[in-house]
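What the coordinates show
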Amino acid sequence: MLDIMPDDQSQDDLHAGSSPWGRGRHGPQTRPLTESTKADVLVVGGGITGSMVAQHLAARGLDVVIADRERPGLGSTAASTAMLLGEIDRSLEELTAVYGFERAAAIYRRSLAAMQGLGALVAGLGIDCIFRNRPTLYITAEDMSGSALVEEHRLRQRADLPGVHLGHADLLSGFGIDRAAAIYSPGAAEADPLLMSWGLLTDAISRGARLLDANIKTYDHGPSSVVAVTDDGRVVEARHVVLATGYVMPDFVKNGLHETVSSYAIATVPQADRALWPEHALIWEASEDYLYCRTTADGRIVIGGGDDATTDADQRAAKLAGKTWFLEESLRRLWPKAEPRAACSWSGAFGTTCDGLPLIGPVPSMPRILAAYGYGGNGITFSFMASRMLAAYIAGQQQSWFETFALDRDPPGL
Ligand SMILES: Cc1cc2nc3c(=O)[nH]c(=O)nc-3n(C[C@H](O)[C@H](O)[C@H](O)COP(=O)(O)OP(=O)(O)OC[C@H]3O[C@@H](n4cnc5c(N)ncnc54)[C@H](O)[C@@H]3O)c2cc1C
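The following refers to the structure shown. (Residues numbered from 1 in each chain as written. Predicted model: local features only at pLDDT ≥ 70, side-chain atom pairs only at ≥ 80, totals over all residues. Heavy atoms only, no water.)

Points about the site of the ligand
The condition is simple: If even one non-hydrogen atom of a residue comes within 4 Å of a molecule or strand, that residue is called near it. Any pair of N or O atoms that falls within 3.5 Å is considered a polar contact. Within protein, one atom must be able to donate a hydrogen and the other to accept it, and sequence-neighbouring residues count only if both atoms are side-chain atoms. Residue-level accessible areas treat just the shown protein chains as cover; the underlying method is Shrake-Rupley with a 1.4 Å probe. In DSSP terms, a helix is any run of H or I states spanning at least four residues, a strand is any run of E spanning at least two, and both are numbered starting from the N terminus. Residues were grouped as follows: Ala, Val, Leu, Ile, Met, Phe, Trp, Tyr, Cys and Pro as nonpolar; Asp, Glu, Lys and Arg as charged; and all remaining residues, including Gly, as polar. For the domain bounds, the source is a domain assignment made automatically or taken from a database.
The local shell around the ligand holds 39 residues, among which T49, D68, T77, T81 and M83 are the closest. Within the backbone of S76, one N or O atom sits 2.9 Å away from an oxygen atom of the ligand. Contact between the ligand and G374: an oxygen atom at 3.3 Å from a main-chain N or O atom of the residue. For the ligand, whose unbound accessible area comes to 1,000 Å², protein coverage reaches 98%. For the shell around the ligand, the secondary structure elements donating two or more residues are helix 1 (11–14), helix 2 (48–59), strand 4 (64–68), strand 17 (342–353) and helix 10 (379–394). Among the residues forming the shell around the ligand, the class breakdown is 16 nonpolar, 19 polar and 4 charged. Split by domain, the residues of the shell around the ligand number at least three in each of domain 1 (11–79 + 194–255 + 356–405) and domain 2 (135–188 + 257–353).

Remarks on helix 7 (residues 193–206)
Applicable threshold: Expected span of a helix: the number of residues minus one, times 1.5 Å. When accessible area is computed with a 1.4 Å probe and restricted to protein chains, residues below 20% of their type maximum are described as buried, those above 50% as exposed, and intermediate ones as partly exposed. Whether two residues touch is decided by their heavy atoms; if any such pair falls within 4.5 Å, the residues are in contact.
Helix length check: helix 7, at 14 residues, gives a terminal C-alpha distance of 20 Å against a target of 20 Å (1.5 Å per residue), a fit within 8%. Burial analysis of helix 7 places 11 of its 14 residues in the buried class, the great majority of the element. Three or more residues of helix 7 are buried, namely P193, L194, L195, M196, S197, W198, G199, L200, L201, D203 and A204. In this structure, the buried residues of helix 7 make contact with helix 2, strand 4, strand 5 (83–84), helix 4 (101–125), strand 9 (210–213) and helix 10. Put simply, D192 is the residue that caps the front of helix 7, since its side-chain oxygen is 3.0 Å from the backbone nitrogen of L194.

Some points on the pairing of strand 16 (residues 301–308)
Our working rule: Whether two strands pair comes down to DSSP finding at least two bridges between them.
The element strand 16 is largely enclosed, with a buried count of 7 among its 8 residues. Sheet topology note: the strand 13 (residues 258–268)/strand 16 ladder contains 5 bridges and is antiparallel. Residue pairing in the sheet places A265 in a bridge with G304 of strand 16. Taken together, the 4 bridges between strand 15 (residues 292–295) and strand 16 define a ladder with antiparallel strand orientation. If you follow R294 over to strand 16, its bridge partner there is V302. In this antiparallel pair of consecutive strands, strand 15 and strand 16, the connection spans 5 residues, and G299 shows a positive phi of 80°.

What about the packing of helix 4 against helix 10?
The cut-off we apply is this: Inter-axis angles, ranging from 0 to 180 degrees, are taken between N-to-C directions of lines fitted to C-alpha atoms, where helices are fitted over the stretch in contact. Convention used here: angles under 35 degrees read as roughly parallel, angles over 145 as roughly antiparallel, angles from 65 to 115 as roughly perpendicular, and any remaining angle as oblique.
Between helix 4 and helix 10, whose axes approach to 9 Å, the crossing angle comes to 85°. In terms of orientation, helix 4 and helix 10 fall into the roughly perpendicular class. In contact with R110, S111, A114, M115, G117, L118 and L121 of helix 4, helix 10 contributes I380, T381, F382, F384, M385 and R388. When the residues that make up the contact of helix 4 with helix 10 are grouped by side-chain class, the tally is 8 nonpolar, 3 polar and 2 charged.

Details of the pattern of salt bridges
Selection criterion: We define a salt bridge as a side-chain nitrogen of Lys or Arg found within 4 Å of a carboxyl oxygen belonging to Asp or Glu.
Under the criterion given, the structure shown has 18 salt bridges. In this structure, D251 and K254 form a salt bridge, with 3.0 Å as the shortest nitrogen-oxygen distance. You can call D251 exposed: its relative accessible area is 60%. Ionic pairing is found between D355 and R409, a salt bridge with its closest N-O pair at 2.8 Å. Of this pair, D355 sits in the loop between strand 17 and strand 18 (359–363) while R409 sits in the segment after helix 10, and the two are 54 residues apart along the sequence. With a relative accessible area of 0%, D355 lands in the buried category. The structure contains a network of salt bridges with shared partners spanning E87, E152 and R156.

What follows is the structure, given as structure tokens:
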């Protein structure tokens, strides 16, 4: 596998172009770290993952410091297409081949529950992030036959997951999509990921969390605390550290489970309402390098895909014009009613794991340093899951199923 990105990569190395998120607003202000400090928990990284972890821990009454060396939210979070799915990059059929049916089904149910928890959190806090509940359409790729999704649907039914199988005729008459088959499922959502992240950070700060401008360079793991040292020699000493640094990570966390690739996305010009598909479903394809698309509150279509193995930021940026054309053409074929012209386009580093699952839990042999790496196309759902699991770890309440996401897991079927 290709390596994950080195720790010295900046936010500019993570994405190029511009995404439509943030609505011209500014996120919460960071404060400089002027002197060494202590906290219950240091969260390193103020993107969607760090925000979710910090908000939850602060709500549980812990003294939280969030350190970000650049502008919180403007890493991978700003490049996300923010389709908030309970479904995982690996189909239930694929996950069953790796972990067996019972375990794979439990993972799917937990992911769906995390998605529901995320919706409840945003609603409960009243975060203004244009969060909309949406169904999903998991469609066959252009070269696939309808039988391809029959087994997947059967397994989902057996796992008690919601969803209906649509053949070609039903998919065409119900949604106007000319593909061989689809699985239609309720329980997903879309949002503006940057506004969500900033809203969570703002809530954490209102509960006493401190958002600091600090570049954490080293971690000294001791028996009762971790001493984290910044590039200018200041210290944050905390009982626990949560690493939420996205697609860059310290060397001591890296292993062979994960890699970074590149993904590309466009947001079209606004469409007339009649040019959008019914229910504004989140659409994604049942294929390895899938296309994915959603709509936005102002009537745009966001379509992403064209993933490739590029890891170099300059090469990724150089490919953007060609990928924009590819995505416009893909949209034209999938949904001919739309005006596919891109109003903005962007590219991003994209972290994946070999089993499609996130990396959540203690760093091996460093129990006070916890990882929150929600990789994959439903990374934001996994960020929510990480926030709840890591709070349980910190409280000494971990459960046996947490092992599924351990950093040193060894997927049996791979
Ligand atoms: C093109 C694209 C499309 C995607 N689509 C979806 C989707 O539809 N649905 C979905 O759920 N997910 C999607 N994802 C994945 C999702 O966006 C990511 O899982 C998520 O944004 C990761 O957020 P994060 O907070 O972990 O990382 P980031 O947002 O990158 O935040 C990490 C932060 O850590 C800081 N940092 C790093 N190192 C240090 C250090 N040493 N000291 C201090 N600060 C540090 C950085 O400055 C950064 O702000 C997509 C990703 C991409 C690129």
